[in-house]
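Residues per chain, in single letters:
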Number of protein chains: 2
Amino acid sequence: MPRDLPKSAATGRVTINDLARALGLAKGTVSRALNGYPDIAETTRSRVARTAERMGYRPLAQAQAIRTGRARALGLVLNAGGDAEHRPFLTDFLDGISRAASEESWSLTVATARDVEDEVATMARLIDERKVDGFILPRTRLHDARIDLLRTKGVPFVLFGRTADPTDCAWHDISGEDAIKAAVIRLGGRGHRRIGFINGAAEYTYASLREGGYREGLEAVGLPFAPELMRVGATTMAQGETEGEVLLDLADRPTAIICALDQAALGLYRAARRRGLRIGPDLAVIGYDGIPEGAHAHPPLTTYAVDSRAAGARLAKLLFARIRGTAPEHLRELAPARLIARGSDIAECYPDPDGLPDRMTT
Amino acid sequence: MPRDLPKSAATGRVTINDLARALGLAKGTVSRALNGYPDIAETTRSRVARTAERMGYRPLAQAQAIRTGRARALGLVLNAGGDAEHRPFLTDFLDGISRAASEESWSLTVATARDVEDEVATMARLIDERKVDGFILPRTRLHDARIDLLRTKGVPFVLFGRTADPTDCAWHDISGEDAIKAAVIRLGGRGHRRIGFINGAAEYTYASLREGGYREGLEAVGLPFAPELMRVGATTMAQGETEGEVLLDLADRPTAIICALDQAALGLYRAARRRGLRIGPDLAVIGYDGIPEGAHAHPPLTTYAVDSRAAGARLAKLLFARIRGTAPEHLRELAPARLIARGSDIAECYPDPDGLPDRMTT
DNA sequence: TTTTCCTCCGAAACCGGTTTCGGCAAGGGA
DNA sequence: TCCCTTGCCGAAACCGGTTTCGGAGGAAAA
C-alpha cells in the first residue's frame, strides 16, 4: 500500500487536504475535479476519483454546506399531536424517502410538532439553522400555514397531497378521488342504490377531494347525492364505529358504505356486527389505505391500497428536482391507488373458516 | 430600530460577523461570550446575549460542526426490512426523541435499512460524513453488529433494549421480564395451572429476557416449566394466530396464555374464537405493548403498556450525557411497563355490548 | 518566428463559525 | 514607584471544504 498517510492525525478522517497531498495537487484542484468542473483534464479527474475512492475520502457535508449553502438534508416535520394514531405506514414512508435520499448521499432530518403553530415554528428553526435544504409536507390542508411559511422564506418544498392554492407548489399525491369514484361505480354496478360514505378529517385536502370523488361516482351511476348518507371526521376505528352506527340506524339504511380510511372501515365492521348485519351479504364495505389488518378481517376488507414507500421515494426525487431549480409546475404527479378486491363488498357470504360462531374478537 | 443591518446581504441570515459589527466587538469575542468562556466580562456577555436575541441570531450548525466536530444531530437507523409491520408507536417514539433534542437545539437524522448489514453500512456512512454525533439503537439483539461498529469507531450510542455484552453500553429499556413475570403470578394467583407463553422474535434480546420472566413467574407460583407451553417467533397477528392454534390444540391445553406482543394476542383471539373458546371464561389472555387496538378488542385486552414517547425522550437525554462524556455505566435505566387491567384475563364473561352474535369482525 | 488562444492547474480568498495567543490596562502588593 | 497579576478583549489561525482569478505552457494561427 502506497504512502497515503497521514490522514489528518487527530480525527482519523481523510480530508481533502490529505487527498491533495497524496496526489501532489492543490486542494482547490481536487475539489473541482471531484465536482466536475470543466477546467480539469480528464486524466486528472479520473486519477483523483480513483485515489479518492481508494483512500475512502468522503466530503464532510457540513463543510460543503457552509460555502454552498446546501446541507444535503431533506426535512420532514411530523405532526405528533392529538389523533396521531392513524399513520399506519410511517416506516414504509420513511424508508422510501431515506432510500432515495441516500442514493444521492443526502440524509433525512425528522422533527415532530404538536399542532400547526408548532409545525411552523419547528420548520422555521430548521430553516434558520440551515439544517435542511427543503421540506416534504405530509397531510396537506386546503389552507396550510406551512406552505405560506415556505413560500415567503423561499425554501423548496414538495407536498404529499394537494392544497387550495397551488402557486409555487410541487406535489405527489395519490388520487383518492378516483379510487372513491371507482368504488361507487363498482358498488352501483352491483345494484346498490343506497351507498354511504364515511370521510376522514375535514381540514385535510384529501377529504374534500374524496368527497368530490364520491359525488362524481354517484353521478356516474345515476344516483342522487343524499346528505344523510355522508359522514365526516372518522380517522380511527372508534370514530368509524360511531359514524357507522349513525348510517346503519338510518330509517332507509345504506346497503353499501365506502370508508375514506381502512381504520374507519374496521370500526364500521363492529357497528354492523352489533346490529346483526353480515358484512358482504347485508352490507358491502370498501375501504381505502390498504392497512395489513384489513387482510385479516372477517371478511377480508376490499380496499384501495396506497404504496407509501413508493410515494416517499417519489417525493424525495421531486424535492431534489425542486431544489435544483426545476419549476414546480413540472413537478406535479398523481398516482392511482390500487384496488385490492377481497370479500367485504360481495354478496356471497364469506365462508367462516370453520363455521363456529364468532364471539370474541377484535 | 437601531442600525443592525446589513445582515449579510446575500442570504438574509444574520451571521456572527453582523453581530460583531453591530456590537463593535471582534467576532471571536462574540463567539466566546455566546459560549460561556470565562474570560468575558459579565456586562459584555449579557450585552451580546441581548443583541443576539434581538437580531435573531442563530449560529449555523454546520459552521460550528466543522470546527467542534459536533453536528448537533442524533442518529436513528430504522430497520425497514421484512416484518417491519410491528412498530406500532413509531410516531410517539420519534416525538419523544425529537422533542428532547429540540430542547437543546439538536436535531434528529433518520435513516432506514433493509437488514443488519445495511444497517451497519448506513451507520458507517453517517459517521464518515459526520452527520450525527451519536446513535440511538432500537431493537437490540443479543449479539449486535451495530454495537460492534460503534464500539470500534468510538462513536457514542445508547440502546433501546439490552445486549449480551454490556461493555461501553448505555441503555434505557422497559422491563418486559418483570411484566411477564407479574402476568404469570397474576394468572397463577387466580388458579391457572397451565399457563402458556407466546414469545416474540428470538434474535432480539427482549425475547430471551421475557422468557426469563416467564420462567421466574412459574417458579414464583410453584409451577413447572413445560416446554410445550411455550412458543417463539410471533410478532404479527397472523403468527400469533398460528402459534395460538398450536397451544390450543394441545391435548392438555393451557387455560391462560401470555403473549409477548399485543399483536400476537389479537391473533390468538381469532384462534380461540375459531375453536369456540371464549376469551376470559375459557381462556385468559394477557398481552404486552399497549397498542390502541387492544382497548377495542372483545373483550378488551389486558396488557402491559409501554410509553414509547417517554422512552424516546429518556434515550435522547442519555445520549446527550453520553456524548458529553458521562461514563456508560452511569447511564443505564430500566423502566417498568404499566399494567392495564381489562377484561381478557378475568373469568367473568365479558358482556357483549348488545348480545348479538359476533360473526363479522377483524 | 511571433502572436494568440486554449487548456489546465496553483494560489488565495472565502464561508461562518471556534479557539489560541498575546497584549493592554487596571489593580494589588511590596 | 515599580513590578507582577489578573481581567478582558482583539487579532489571527484554523476547521474542511468551494470558488475565483490569474498565469504557465503548449498548440494553433498569422
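Residues numbered from 1 in each chain as written. Chains lettered and ligands numbered in written order. Predicted model: local features only at pLDDT ≥ 70, side-chain atom pairs only at ≥ 80, totals over all residues. Heavy atoms only, no water.

### Describing the packing of aromatic side chains
The relative placement of two aromatic rings is captured by the distance of their centres and the angle of their planes. So the rule is basically this: Under the pairing criterion, centres of Phe, Tyr and Trp rings, with the six-membered ring standing for Trp, must be within 6.5 Å; the plane angle then separates stacked pairs below 30 degrees from edge-to-face pairs above 60, leaving the rest tilted. The way it works is that DSSP assigns letters per residue, a run of H or I at least four long becomes a helix, a run of E at least two long becomes a strand, and they are numbered from the N terminus. Think of it in three bands: residues with accessible area under 20% of the maximum for their type are buried, residues over 50% are exposed, and the middle band is partly exposed, with areas taken using a 1.4 Å probe on protein chains only. Sitting over a ring, as applied to charges here, requires NZ of Lys or CZ of Arg to be within 6 Å of the ring centre and within 35 degrees of the ring normal.
Enumeration according to the criterion identifies ten aromatic pairs over all chains in this entry. Between Phe93(A) and Phe160(A), the aromatic rings sit 5.2 Å apart at their centres with planes inclined by 15°, giving stacked as the arrangement. Linking Phe93(A) in helix α5 (residues 90-103) with Phe160(A) in strand β4 (residues 157-160), this pair joins segments that are 67 residues apart in sequence. Across this residue pair, the class does not change: Phe93(A) and Phe160(A) are buried. Residue placement shows Arg139(A) over the ring face of Tyr204(A); its charged tip is 6.0 Å from the ring centre. Against the face of Phe225(B) rests Arg215(B), its NZ or CZ located 3.8 Å from the ring centre.

### A look at the layout of surface pockets
Inclusion rule: As defined here, a cavity is a set of points on a 1 Å grid over the protein atoms alone where a 1.4 Å probe fits but cannot get out. A pocket is an open set with protein on both sides within 12 Å along at least five of seven lines, and residues line them when an atom is within 4 Å of a point. Grid points are joined across faces, edges and corners, and a volume is the space filled by probe spheres set on the points. Residue type decides the class: Asp, Glu, Lys and Arg count as charged, Ala, Val, Leu, Ile, Met, Phe, Trp, Tyr, Cys and Pro as nonpolar, and the leftover types, Gly among them, as polar. Those domain boundaries reflect an automatic or database domain assignment.
In this structure, the largest pocket spans a volume of roughly 1,300 Å³. Along its surface, the largest pocket is lined by 36 residues, and Tyr57(A), Pro59(A), Leu60(A), Ala63(A) and Gln64(A) are the ones closest to its centre. Elements with a minimum of two residues in the lining of the largest pocket: α1 (16-23), α2 (27-34), α3 (42-55) and α4 (61-68) of chain A together with α4 (61-68) of chain B. The element best represented in the lining of the largest pocket is α4(A), accounting for five residues. Looking at the lining of the largest pocket residue by residue, the class counts come to eleven nonpolar, 13 polar and twelve charged. When residues of the lining of the largest pocket are assigned to domains, at least three fall in each of domain 1 (1-45) and domain 2 (73-175 + 308-337) of chain A.

### Focus: the relation of the copies chain B and chain A
Heads up, the rule is: When the copies are superposed, the least-squares fit takes in the C-alpha atoms of residues with a pLDDT of at least 70 in both.
Placing chain B over chain A gives an RMSD of 0.1 Å and needs a rotation angle of 180°, together with 0.0 Å of translation along the axis. Overall, the copies show the geometry of a two-fold rotation axis.

### Here's the deal with the protein's contact with DNA strand C
The cut-off we apply is this: What makes a residue near a molecule or strand is one non-hydrogen atom of that residue sitting within 4 Å of it. Any pair of nitrogen or oxygen atoms within 3.5 Å is treated as a polar contact; in protein, a donor-acceptor pairing is required on top of that, and neighbouring residues in sequence qualify only through side-chain atoms on both sides.
Taken together, 29 residues lie around DNA strand C, and Thr44(A), Arg13(B), Ile16(B), Ser31(B) and Tyr37(B) are the ones closest in. The sugar-phosphate backbone supplies 57% of the atoms of DNA strand C found within 4 Å of the protein. Interatomic distance of 2.4 Å between a side-chain N/O atom of Thr44(A) and a phosphate oxygen of DNA strand C. Contacts to DNA strand C include Ile16(B), whose backbone N or O atom sits 2.5 Å from a phosphate oxygen. If you list the elements that add at least two residues to the surface near DNA strand C, you get α2 and α4 of chain A together with α2 (27-34) and α4 of chain B. The element contributing the most residues to the surface near DNA strand C is α4(B), with five residues. Along the lines of polarity and charge, the residues of the surface near DNA strand C split into twelve nonpolar, nine polar and eight charged.

### Some details on the protein's contact with DNA strand D
What surrounds DNA strand D is a group of 29 residues, the closest being Arg13(A), Ile16(A), Ser31(A), Tyr37(A) and Thr44(B). Each atom of DNA strand D within 4 Å of the protein was classed as base or backbone; sugar and phosphate made up 58%. Within the side chain of Tyr37(A), one N or O atom sits 2.6 Å away from a phosphate oxygen of DNA strand D. A distance of 2.7 Å separates a phosphate oxygen of DNA strand D from a polar side-chain atom of Thr29(B).

### Side note on the domain arrangement of chain A
A common way to express how large an interface is: the accessible area buried when the components associate. Residue and element names in this part refer to chain A. Note the threshold: Contacts: residue pairs with any heavy atoms within 4.5 Å of one another. A 1.4 Å probe defines the accessible area here, and the buried area is the portion of it lost by two parts on being joined, summed over both.
When its domains are assigned, chain A resolves into domain 1 (1-45), domain 2 (73-175 + 308-337) and domain 3 (176-305). For domain 2 and domain 3, the distance between their C-alpha centroids amounts to 29 Å. At the interface, 15 residues of domain 2 touch 19 residues of domain 3. For the pair domain 2 and domain 3, the two sides together bury roughly 1,400 Å², of which 57% comes from carbon and sulfur. Applying the counting rule to domain 2 against domain 3 returns nine residue pairs in polar contact (both at pLDDT 80 or more). For the side of domain 2 that touches domain 3, the residue count by class is six nonpolar, four polar and five charged.

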